[in-house]
Amino acid sequence: MSALHDRHRAVLMPWHAQSKAHGGPAFNAGEGCFLIEESGNRIFDFSSGWIAANLGHGHPRLIKAIADQAARLYYAPPIFVNDTRAELAARLSDLSPWPDGARVHFTSGGGEANDDAIKAARMITGRHKILAAYRSYHGTTGGASGATGDMRRWPNEPSSYPAVRFFAPYPYRSPFHTDDPDEEVRRAMDHLDRIVTQEGAHNIAALLIEPMVGSSGLIRYPDGYLDALRRFTEERGILLIFDEVMTGFGRVGAAFAAERFQVAPDMIVFAKGVNGAAIPLGGLMIREGVARHFDDTVFDAGHTHAGHPIAMASGVAALDAYEQGGLFTRARALEDRFRDRLTDLRQRHAVVGDIRGAGAFWGIELVRDRATKEPLVPWYAKDASLNYRLTERMLQDGNWVYARYGILMLAPPLIVTDEELDAAMAQLSRSLTWLESQI
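Residues numbered from 1 in each chain as written. Predicted model: local features only at pLDDT ≥ 70, side-chain atom pairs only at ≥ 80, totals over all residues. Heavy atoms only, no water.

1. Looking at the sheet that holds strand β10 (residues 282–287)
In step 1: Strands sit in the order β4-β10-β9-β8-β7-β5-β6 across an open sheet of seven strands; the sheet is mixed. Whereas interior strands pair on both sides, the edge strands pair on one side only; in this sheet they are β4 (102–107) and β6 (164–166). The sheet shows a mean angle of 20° between the axes of neighbouring strands, direction not considered.
In step 2: In this fold helix α8 (residues 225–236) packs onto β6, β7 (204–209) and β8 (239–243), with an angle of close to 170° to the strand it touches most, β7. (Pairing = 2+ DSSP bridges. Helix = DSSP H or I, 4+ residues; strand = E, 2+ residues; numbered from the N terminus. Axes fitted to C-alpha atoms, helices over the stretch in contact; angles between N-to-C directions. Contact = heavy atoms within 4.5 Å.)

2. So, the nonpolar core
Most often, soluble globular proteins have nonpolar side chains that are buried together.
In step 1: Ranked by size, the top nonpolar core spans 114 residues in total, and within it Phe46, Phe166, Tyr225, Phe249, Phe338, Ile364 and Leu366 carry the most contacts.
In step 2: Considering every element that reaches this core, the biggest residue donor is helix α11 (residues 309–324), with eight residues.
In step 3: Tyrosine 225 has contacts with Phe166, Ala168, Pro169, Val185, Ala188, Met189 and Ile209, leaving out every residue within four places of it along the chain.
In step 4: The next biggest cluster of nonpolar side chains, apart from the first, holds 24 residues, and it includes Ala117, Val245, Met267 and Val290. (Core = buried A, V, L, I, M, F, W, Y, C linked by side-chain atoms within 4.5 Å. Buried < 20%, exposed > 50% of the residue type's maximum accessible area, 1.4 Å probe, protein only.)

3. Observations concerning helix α7 (residues 181–199)
In step 1: The end-to-end C-alpha distance of α7 is 27 Å, a good match for the 27 Å that 19 residues give at a rise of 1.5 Å each.
In step 2: Every buried residue belonging to α7 is among Glu184, Val185, Ala188, Met189, His191, Leu192, Ile195 and Val196, and all of these are buried. Along the long axis of α7, the arc covered by the buried residues comes to 160°, so they all point the same way. For α7, the exposed residues lying more than 90 degrees away from the buried face are Arg194, Thr197 and Gln198.
In step 3: Buried residues belonging to α7 abut β5 (129–133), β6, β7 and α8.
In step 4: Following α7 by one or two positions, glycine 200 adopts a phi angle in the positive range, close to 90°. (Expected span 1.5 Å × (residues − 1). Arc of directions from axis to C-beta.)

4. A look at the environment of tryptophan 434
In step 1: Looking at the element boundaries, tryptophan 434 is found in helix α14 (residues 418–436).
In step 2: Its relative accessible area of 17% is what places tryptophan 434 among the buried residues.
In step 3: Spatially, the C-alpha atom of tryptophan 434 lies 23 Å from that of leucine 35, the residues being 399 residues apart in sequence.
In step 4: Ignoring sequence-local partners within four residues, the contact set of tryptophan 434 consists of Arg389, Leu390 and Arg393.

5. Overview of the pairing of β10
In step 1: By the criterion of burial, β10 is predominantly enclosed, with five of the six residues buried.
In step 2: The pairing of β4 with β10 spans six bridges and is antiparallel. Bridge pairing links valine 104 to methionine 285 in β10.
In step 3: Bridge analysis of strand β9 (residues 267–270) against β10 gives four bridges, and the strand direction is antiparallel. The partner of isoleucine 268 across the bridge, within β10, is methionine 285.

6. Examining the packing of helix α13 (residues 385–396) against α14
In step 1: Taken N-terminus to C-terminus, the directions of α13 and α14 make an angle of 140°; their axes are 9 Å apart at the nearest point. The angle between the axes of α13 and α14 places the two elements in the oblique class. The crossing of α13 and α14 is right-handed. Residues Leu386, Arg389, Leu390, Arg393 and Met394 of α13 touch α14, and the partners they reach there are Leu428, Ser431, Trp434 and Leu435.
In step 2: Classifying every residue of the contact of α13 with α14 gives six nonpolar, one polar and two charged. (Parallel < 35°, antiparallel > 145°, perpendicular 65-115°, else oblique. Left-handed = near helix turned anticlockwise from the far one by under 90°. Nonpolar A, V, L, I, M, F, W, Y, C, P; charged D, E, K, R; others polar.)

7. Digging into the pattern of salt bridges
In step 1: According to the stated counting rule, one finds 33 salt bridges in the structure shown.
In step 2: A salt bridge links arginine 152 to aspartate 150, with the nearest nitrogen and oxygen atoms 2.7 Å apart. Each member of the pair, arginine 152 together with aspartate 150, is buried.
In step 3: As a salt-bridge pair, arginine 339 and glutamate 335 come within 3.2 Å of each other at their nearest N and O atoms. Here arginine 339 and its partner glutamate 335 are both found in helix α12 (residues 327–348), four residues apart, which amounts to about one turn of the helix.
In step 4: Note on arginine 339: relative accessible area 32%, which makes it partly exposed.
In step 5: Relative accessible area serves as the criterion here: at 8%, glutamate 335 is assigned to the buried category.
In step 6: When salt bridges with common partners are traced through the structure, they connect Arg330, Arg337, Arg341, Asp418 and Asp422 into a single cluster. (Salt bridge = Lys/Arg side-chain N within 4 Å of Asp/Glu carboxyl O.)

8. Topic: helix α4 (residues 83–95)
In step 1: Helix length check: α4 (13 residues) gives 18 Å between terminal C-alpha atoms against 18 Å at 1.5 Å per residue, within 8%.
In step 2: Inspection of α4 places Thr84, Arg85, Leu88, Ala89, Arg91, Leu92, Ser93 and Leu95 among the buried residues, and these make up the whole buried set.
In step 3: Tucked into the core, α4 has its buried residues touching α3 (60–72), β4, β9, β10, α11 and α12.
In step 4: Sitting at the amino-terminal end of α4 is asparagine 82, which places a side-chain oxygen 3.1 Å from the backbone nitrogen of threonine 84. (Polar contact = N/O pair within 3.5 Å; in protein donor to acceptor, adjacent residues only side chain to side chain.)

This is how it looks when you write it as structure tokens:
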């Protein structure tokens, strides 16, 4: 244990019992697609941190923009007009999936942004209920935690902002007892209709959903499901909010998943990739036709660091890097490579139950028995030690992979080369060989 590890015990580590949280690798530097340990060892960042560092580490454009803005102005209250803030908002509006553009509200991260999306939906509609899926994660702030579907909401219950939850499609483990994607969509929509009938559509302000499930299982919905949600909400006057904290900014092969899947919601929540996670930054885009509600009504939300000039500068620089590097569509070029390499892994490793994803955002669901689909670690199991041991082994083999309950989330920086991706896949194969010796 290094002196750094010893001093790090003053840090409360998230999502861990503290007695087990401080013994992992110490990353003090990063370069490109790699995190660099205190020892100098280079680890491939196969998950872009927590699906955030879309531009990798140490990007020179971001470093310069941050330094230049800090030298010029590093803080201005969000009620003032600021050139960098105006630039980023206008650029995001132009990038949005709506022909008439959007209004943008900035926050420090995705949880705050989801909170404010819920507030905005309630202010706009005059309704109070929110619909959200069980397999979902929207953040740990009050409203975001109340809308979150998985067990990370439990410590915050009862929530002051509870959501009405529903089951969304999960093709590998269908909650609707079918192997047919079209039938899955039909049954899912019938299920949702029954819930809304009981809750009263006139009470529901918005439906909040990740267009692809992120850390609650990395699930790609069957074709037609998001379109069906769009029709369903429009018919009932319910606003549709896409939580694109993970799927935004090139991750699935377009600026937003709304563009990739050709379904335009009423609001998009963003964070993480907006500036490659260089500085805390998130926000909410509301399509112009909906946002006009606030022209003569107070937008009753705000934060001290909303639209922070340094964060704004990093966002503008990131958009330049994405656009000039062709990175919004780079993941589409990577998609076939991912599918081919992961299909090969599944053929060689019986522990791989399912592979799924889009662009450069893929999941591997690990199982003990492929025939029965017995999970490697049950989703809410109290003992996830095998999962932690697998994470340690993957680090030893040269990969950082974000893993939750036997589901591996592969989402490298969009600047990854084909050679780097292939090498990381070979390292992952070695880790899976080790895993198979343990079960």
